Amino acid sequence: MTVEPAGHVVDVLAGESLIEAAWREDFHWPTLCYGVGKCTACQLEVIDGLDRLSPQTEAERAMLTDFAMRRRRVHPQRLRLACQVRISGDVVVRKPGVRPADPETTRSST
């Protein structure tokens, strides 16, 4: 998975949510509920690879319905919660604020 706008590359293992993969690889991913689907802080926009995403969970539908209505410029299918979504293949997402947890670590494609 590539996370824009910084260009960070995160390897996602089978069965992992995107936020679990980011944490495993020592990235900070903005969140308030720490992966339980109770906030929208980890929400992301899918730039490429919609066909490689798991179906939306009930938690995503509940949390993102209102959020998507407020962000009319983004198609609702492109908004997902990093704590809920799983992928099967290459995906590019947009999530400002994702950064290496250790400032000495640089994992970007640039």
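Quantities reported herein were computed from a predicted structural model and do not represent experimental measurements.

**Remarks on the pattern of salt bridges**
One pass over the full model with this rule turns up seven salt bridges. Among the salt bridges present, the one from Arg86 reaches Glu20, with a minimum N-O distance of 4.0 Å. One end of the pair, Arg86, is in the loop between strand S5 (79-81) and strand S6 (92-94); the other, Glu20, is in helix H1 (residues 18-24), with 66 residues separating them in the sequence. Judged by relative accessible area, Glu20 falls into the partly exposed class, the value being 36%. Taking the shortest distance from any N to any O, the salt bridge between Arg80 and Glu60 comes out at 2.8 Å. Taken together, the residues Arg80 in strand S5 and Glu60 in helix H2 (residues 58-70) connect sequence positions 20 residues apart. Here the two residues Arg80 and Glu60 agree in accessibility, since each one is buried.

**Digging into unusual backbone geometry**
A cis amide bond links Glu4 to the next residue, Pro5, at an omega of 10°. Inspection of the secondary structure assignment puts Pro5 in the loop between strand S1 (2-4) and strand S2 (8-9). Phi at Asp26 takes a positive value of approximately 65°, unusual for a residue other than glycine. Among the structural elements, Asp26 can be located in the loop between H1 and strand S3 (27-28). Under the relative-accessibility criterion, Asp26 is labelled partly exposed at 35%. The phi dihedral of Tyr34 falls on the positive side, at around 55°, and the residue is not glycine. The topology assignment puts Tyr34 in the loop between S3 and strand S4 (43-48). Assessed through its relative accessible area of 61%, Tyr34 is described here as exposed.

Cut-offs and rules
Residues numbered from 1 in each chain as written. Predicted model: local features only at pLDDT ≥ 70, side-chain atom pairs only at ≥ 80, totals over all residues. Heavy atoms only, no water. Salt bridge = Lys/Arg side-chain N within 4 Å of Asp/Glu carboxyl O. Helix = DSSP H or I, 4+ residues; strand = E, 2+ residues; numbered from the N terminus. Buried < 20%, exposed > 50% of the residue type's maximum accessible area, 1.4 Å probe, protein only.

Keep in mind these values describe shape, not function.
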